[in-house]
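# What the coordinates show
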Amino acid sequence: MISYAEYRAMRRFPALDGLRAIAAVIVVAFHFGGPSWTWLSGSLGVQLFFVLSGFLITTLMLREEESRGRVSLRSFYVRRLFRILPVYLVVLAATYALAHLNGATGRLRESMPYYLLMVNEFAPNSAFLHSWTIAIEWKFYLVWPLLAFAFVTAAFWRRVAVTVLAIAALVALIPFEKDWPYWPIHYVSILVGCLLAVVMHHPRGYALFRPLTHPVASLAVFAGFVAVHLSLYYWPPAEDGHSELMVGVYAMSVALLLPAMLTPGLPTKLLSWRPLVLVGERSYSLYLVQYLAMTAVIALVPSYAGHSTRLFVATTVVGLLAADLLYRWVEQPMIAVGRRLSGRGKVVPPVPPADPPSPTPATSAALTDLPASDLSDRTVPSTPVLTLGGDRR
């Protein structure tokens, strides 16, 4: 099993890029795969992203608070700005340009104020429909650091209480009416990830999840998660057309999966497979360009029009090619600018682990030598500060 000290010494969670890759691809399958892929419940891929975002971003801030004494909100917002907006605006501009060429800018122009103000989920039409998830996370990034790190000082139980109360308040905003906005449940998914991060950051909280890091338990949890995901296809539809209960159950299952993916074992090895990692690193751009990729595929091969397996596969391939260009020429350079402007990358004094024994020198060296997979918060500290991303899709 992974000790608390070993968990705190981890600078990467290598399996999570694989989870991002799977989440991104099943979303593409949901959008373009047609009836042959409905069993995959690809729409829930966005909930996987939400839980991951809450967990990773909160873990980053907790470790920054401990190592530096406080969380720099200015640095955080600068990094988020340069992490999210450049690619988003490039893809939005490309979407507008394509609509202009097709003489169909009316709907996009009508919704453009919503897309620029990041309230996409309230746009009057679906001209850039899938971008609603970006708006959800953007508002989370704006509010959560203030709520959990500016208004609440470094106190475990107070932070847990604030997170639980926030979840309860959002659940209370979900009346069972068909015409009610569906957005509160998505913040619940993110906050489930936040709560997991807060609990696991504390020695006693981590002890609750440590049994899941045993290799046998890890394999069992992974198999159970796959079973839960596949069972969603058979979930009885809600009378009001919404599925908040299903989303909540799925978010909790993701929260149980994440600690189990810390330990070396078969699931972690599978999710750390290099092709999956490469897709996971480009998942944010892949998510954004999927509709442009689909348009390009149909323009090149008109017979692919209509949701089908071949459209799903071709869109994924073309989308990955475009995502790779965006990753190299937009994401990485802009992230570097954000990191430079935020003042990150300075060496800070190491923080002694709270739960002896410490990781062995071999383990520490292996973690230190691993290349950072993060696209937003890379640092070069001497303390084991986590370097990972929290918003790829």
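This text gives an overview of the structure that appears in the document. Computed from a predicted structure; not experimentally measured. (Residues numbered from 1 in each chain as written. Predicted model: local features only at pLDDT ≥ 70, side-chain atom pairs only at ≥ 80, totals over all residues. Heavy atoms only, no water.)

### Observations concerning the overall build of the chain
Assigned secondary structure in the chain consists of 16 helices and 0 strands. In the chain, the proportion of contacts linking residues at least 24 apart, taken out of those at least 6 apart, comes to 77%. Here the chain has roughly 17300 Å² of accessible surface; of this, 71% comes from carbon and sulfur atoms. (Helix = DSSP H or I, 4+ residues; strand = E, 2+ residues; numbered from the N terminus. Contact = heavy atoms within 4.5 Å. Areas by Shrake-Rupley, 256 points an atom, 1.4 Å probe, with all protein chains shown as cover.)

### Comments concerning the environment of Val249
Among the secondary structure elements, Val249 is positioned in helix α11 (residues 244-260). On the basis of relative accessible area, Val249 is assigned to the partly exposed category, the value being 35%. Taking C-alpha positions, Val249 is 9.6 Å from Ser189, a pair spaced 60 residues apart along the chain. (Buried < 20%, exposed > 50% of the residue type's maximum accessible area, 1.4 Å probe, protein only.)

### A look at unusual backbone geometry
Despite not being glycine, Ser41 has its phi angle at roughly 50°, a positive value. For Ser41, the location among the structural elements is in the loop between α2 (15-32) and α3 (45-68). The class of Ser41 is buried, set by a relative accessible area of 9%. Phi at Met118 takes a positive value of approximately 60°, unusual for a residue other than glycine. With respect to the secondary-structure elements, Met118 resides in the loop between α5 (106-116) and α6 (132-150). For Met118, a relative accessible area of 4% puts it in the buried group.

### Focus on the pattern of salt bridges
Enumeration according to the criterion identifies 9 salt bridges in this entry. Put simply, Glu64 and Arg79 hold a salt bridge, and the shortest N to O gap is 3.8 Å. Of this pair, Glu64 sits in helix α3 while Arg79 sits in helix α4 (residues 73-101), and the two are 15 residues apart along the sequence. Owing to a relative accessible area of 4%, Arg79 belongs among the buried residues under this scheme. Overlapping salt bridges bring together Glu281, Arg282, Asp324 and Arg328 as one network. (Salt bridge = Lys/Arg side-chain N within 4 Å of Asp/Glu carboxyl O.)

### Re helix α15 (residues 309-342)
Along its length, α15 shows its largest kink, about 45°, at Tyr327. Just beyond α15, the residue with positive phi is Gly343, at close to 80°. (Bend = angle between axes of the 7 residues up to and from the residue.)

### Topic: the packing of α4 against α15
Remark: α4 packs on α15, axes separated minimally by 8 Å, with the N-to-C direction vectors making an angle of 160°. Taken together, the axes of α4 and α15 are roughly antiparallel relative to one another. In this structure, α4 meets α15 at a crossing whose hand is right-handed. Of the residues in α15, those in contact with Arg74, Ser75, Val78, Arg79, Phe82, Arg83, Pro86, Val87, Val90 and Val91 of α4 are Leu326, Val330, Glu331, Met334, Ile335, Val337, Gly338, Leu341 and Ser342. Of the residues that constitute the contact of α4 with α15, the class distribution is 12 nonpolar, 3 polar and 4 charged. (Axes fitted to C-alpha atoms, helices over the stretch in contact; angles between N-to-C directions. Parallel < 35°, antiparallel > 145°, perpendicular 65-115°, else oblique. Left-handed = near helix turned anticlockwise from the far one by under 90°. Nonpolar A, V, L, I, M, F, W, Y, C, P; charged D, E, K, R; others polar.)

### Side note on the nonpolar core
The tendency in soluble globular proteins is for nonpolar side chains to be buried as a group. With 94 residues, the main nonpolar core has Phe55, Tyr88 and Leu258 as its most contacted residues. Apart from residues lying up to four places away in sequence, Phe55 is in contact with Tyr7, Phe13, Gly193, Cys194, Leu196, Ala197, Met200 and Leu258. (Core = buried A, V, L, I, M, F, W, Y, C linked by side-chain atoms within 4.5 Å.)

### A few points about the packing of aromatic side chains
Applying the stated criterion to the full structure yields 18 aromatic pairs. Consider the rings of Tyr88 and Phe128, whose centres lie 6.0 Å apart with planes at 45°: the pair is tilted. With Tyr88 in helix α4 and Phe128 in the loop between α5 and α6, the pair connects residues that are 40 residues apart, well separated along the chain. With respect to burial, Tyr88 and Phe128 carry one shared label: buried. Each member of the aromatic cluster is reached from another via a ring pair, and the members are Tyr4, Tyr7, Phe13, Phe55 and Tyr206. Sitting above the plane of the Phe149 ring, Arg159 keeps its charged end 4.3 Å from the centroid. (Phe/Tyr/Trp six-rings, centres within 6.5 Å; stacked < 30°, edge-to-face > 60°. Lys NZ or Arg CZ within 6 Å of the ring centre and 35° of its normal.)

### Structural notes on the side chain of Thr163
With respect to the secondary-structure elements, Thr163 resides in helix α7 (residues 156-172). Only 2.8 Å separates the side chain of Thr163 from the backbone oxygen of Arg159, close enough to count as a polar contact. If we skip the residues at most four places from it in the chain, Thr163 touches Trp144, Leu191, Cys194 and Leu195. (Polar contact = N/O pair within 3.5 Å; in protein donor to acceptor, adjacent residues only side chain to side chain.)

### A short note on the packing of helix α8 (residues 184-201) against α11
Two quantities define a packed helix pair, namely the angle between the helix axes and the distance between the axes. α11 packs onto α8 with a crossing angle of 25° between their chain directions and a minimal axis gap of 10 Å. Here α8 is positioned roughly parallel relative to α11, judged by the angle of their axes. The two elements α8 and α11 meet at a crossing, and its hand is right-handed. Residues Ile185, Ser189, Val192, Leu196 and Met200 of α8 form the contact with α11, whose own contacting residues are Glu244, Val247, Gly248, Ala251, Met252, Ala255, Leu258 and Pro259. Per-class residue counts for the contact of α8 with α11 are 10 nonpolar, 2 polar and 1 charged.

None of this, on its own, says anything about what the molecule does.
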